[in-house]
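# Per-entry structural report
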Amino acid sequence: MEKVPLYQSEHNDGEQPPSTSRKSLWYYGSLKAINSLILLALCVLYLRRYAPFSAPNPKPGINWSPCGDNIDCGRLSVPLDYHNANLGTANLAVARYRATNTTARLGTLFTNPGGPGGSGVSYVYRAGPRISGVVDGRYDIVSWDPRGINGTTPRVDCFYSQTAQDLYHAHTHYEMGLEGRNLTDPIDLAVFAANVHKADATNAALAKLCSDTSGEALTHVGTVTVVRDLEYLSRIIEGDDSPVNFWGFSYGTAIGSYFVNMFPNRVGRVIIDGVVDPVIWANSYSNEWFKYDLVDTDRAFEHFLHACQTAGPQRCALASDKSTSKSIGTRVDKFLSDIYDYPLPVDKAKRPGALTSGMVRGYIFTSMYGPRTWPDLAANLAAAIDGNGTAIMDLAQEDVELDTSVKARTAQAISAVTCVDTPAYPANVDTAAVVKKNIDEAVLTYELTSKRFASLELDMCHHWTPRETERFTGPFNSSLSNQVLIIGNTADPITPVANAKAVNQLLQNDSRLLIQDGSGHCSTAMASLCTGKIIQNYLFEGRLPPNGMVCPTNETLFPPTENVTNLNPWTTAGVLDIDDQRLLENLKGLGEEMGPFLMRRRR
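The present account deals with the structure reproduced in this document. Please read these numbers as outputs of a predicted model, since none were measured by experiment.

Cut-offs applied
Residues numbered from 1 in each chain as written. Predicted model: local features only at pLDDT ≥ 70, side-chain atom pairs only at ≥ 80, totals over all residues. Heavy atoms only, no water. Phe/Tyr/Trp six-rings, centres within 6.5 Å; stacked < 30°, edge-to-face > 60°. Helix = DSSP H or I, 4+ residues; strand = E, 2+ residues; numbered from the N terminus. Buried < 20%, exposed > 50% of the residue type's maximum accessible area, 1.4 Å probe, protein only. Salt bridge = Lys/Arg side-chain N within 4 Å of Asp/Glu carboxyl O. Core = buried A, V, L, I, M, F, W, Y, C linked by side-chain atoms within 4.5 Å. Contact = heavy atoms within 4.5 Å. Disulfide = S-S within 2.5 Å.

Before going further, it helps to examine the packing of aromatic side chains. Per the stated rule, a full pass over the model turns up 18 aromatic pairs. Consider the rings of F304 and W374, whose centres lie 5.5 Å apart with planes at 80 degrees: the pair is edge-to-face. Within this pair, whereas F304 is found in helix α10 (residues 297-311), its partner W374 is found in helix α13 (residues 374-385), the two being separated by 70 residues in sequence. We note that F304, like W374, is buried. For the ring pair F365 and F453, a centre distance of 5.7 Å and an interplane angle of 45 degrees mean the geometry is tilted. Of this pair, F365 sits in helix α12 (residues 357-367) while F453 sits in the loop between α16 (431-448) and β10 (484-491); the two residues are 88 residues apart in sequence, bridging distant segments of the chain.

This is how it looks when you write it as structure tokens:
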């Protein structure tokens, strides 16, 4: 595919004007001059819009202070709006896990754990040591709380206390899920539609609460602004002309794709892992995404069933001596259908109540993100099928914070970012028409993509009135100063490998695609020595694999827990030297620490 220029004029400069009269020559000459001025103005506007922010001289810095084991924390004041200094500043919370191999230090590796809504500071606390282990301590690992999130101010606040937020979510679709079984059956579809109508009203009220509480802050949380913060952070930490090294997961790949196309000459060693398709993200309404998102979800579920059957009843609670993948799946589907008709009463949960099919379906879907949770998934499903839904009920419902002085978490940042990144709805949007579109999209997803999980998501962006002051919609095929590494799993339940292939096709020779043959969301969902070594080769030396290379995984699903003679029962890699063993353990540990950041869903 040919890369398009920045602006493409439809006017052919060699075309002769239709008239040669003096008046017409003057007219066409003037028109040509005007067109040239317009084109020049557009180019200047583009260059200004996507040029680095000019920092004051001297530049502000980050006053780092120790805040953990080998961790520094700091804050950086940045423009609230990079194109309007009169609006004041935002204040970024930043964390750094310092390089431990200082004699071979390569610089700073910026990273984002996804979401949208994941706290980069919390991520450094949890995952910093593991990322450092993967890169042999040769980089400072730096992340930050993106706009509106956690410690960065102003925040996306919808409630003044966590108590109020928990009570608002309780017993709504945020906990209960939506009841959807056979979306081609008229009765089941009517039940689903009634669920959607009620949930949409809940979302409308929530959007208004967020807008009233956060105000202007909601217009400065989009991915473009986050990317400008990344570029600015890099200049503060590494210097104006330094290439930017970045490893983004899940939504962090949207940050990565935006960055390399907004600042193509600043690209260092960039990895996008668990890939969002930036063209769909930036140019489609988010209620249209699910049929694309779930392309590989059922494949992940089939992998779960096969792994359970292979593990047998000693390691998978859903299996029996004679069970097959199909029989285990039939058993789960029957349970979902049964509690769709008659929810399961649960009296021993932290918050007793009725366990619904929407709760169980959502729990199964979220578990597809992390195959290491599959033994617990099987055990909890088996218990619920036998009448004990306590474990799933406790996982589906949040504990209610009773201390009303505790500040609310920035839980709605995921909608705040998504809704300002996507195309705007008209001011006089027809809510009923959009709700019908949401229902139709669920039916389409059911028919085309996933019958088990099509009813899970409900978009709220038609209620979200704030708009980002700056949006980037492409092109996403810029020529880059360095090649980037794109990683996709063959059975990723939310970012299918087709997305990674699409971005690779857009960037052509400026990227290399690595396919990891495994389940879960992002490469860290299952440890792969092959993937880990490619990441090291790239981050250490800039060496990349052949395009489209496939890596196997080295992690046992449903690993044995009793009578273990193998020192590493979770790996299939066999005997390893100490460096490979350390790399594999760090990859597994990184995946375990990243789980809470990646298992986030829009409602």
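We now examine the pattern of salt bridges. Between side chains of opposite charge, a pair can form when the charged atoms approach closely. In total, this model carries 31 salt bridges according to the counting rule given. Note that R105 is salt-bridged to D140, the shortest N-O span being 2.8 Å. Within this pair, whereas R105 is found in the loop between β3 (89-97) and β4 (107-112), its partner D140 is found in strand β5 (residues 139-144), the two being separated by 35 residues in sequence. Residue D140 is classed as buried on the basis of its relative accessible area of 9%. R452 is paired through a salt bridge with E302; the nearest N and O atoms lie 3.8 Å apart. Pair noted here: R452 is in the loop between α16 and β10 and E302 is in helix α10, with a separation of 150 residues, a long-range link. Accessibility expressed as a relative area gives 16% for R452, which makes it buried.

Moving on, we get to the nonpolar core. If you look at the biggest cluster of nonpolar residues, it comprises 88 residues, and the most contacted ones within it are W247, Y258, V484, L485 and L539. Filtering out sequence-adjacent residues up to four positions away, L485 remains in contact with V270, I271, I272, R512, L514, I534, I535, Y538, L544 and P545. Counting residues in each nonpolar core, the second largest holds 43 residues, with I328, Y363, L377 and A396 among its members.

Summed over all chains, the structure comprises five disulfides. In this model C158 forms its disulfide with C210; the gap between the sulfur atoms is 2.0 Å. Around the S-S axis, the bridge from C158 to C210 shows a dihedral of about 100 degrees and counts as right-handed. A residue pair is termed long-range when its members are at least 10 positions apart, and C158 in the loop between β5 and α3 (162-169) and C210 in helix α5 (residues 186-214) qualify at 52 residues. Taken individually, C158 and C210 each receive the classification buried, so the pair is uniform in this respect. Covalent S-S linkage joins C530 and C551, the inter-sulfur distance amounting to 1.9 Å. Where C530 bonds to C551 through sulfur, the torsion about that S-S bond is close to -55 degrees, and the disulfide is left-handed. One end of the pair, C530, is in helix α18 (residues 529-541); the other, C551, is in strand β12 (residues 549-552), and 21 residues separate them in sequence. For C551, a relative accessible area of 0% gives the class buried. Each bonded cysteine of the protein gets a number by its place in the sequence, and the pairs then read 1-2, 3-4, 5-6, 7-8, 9-10.

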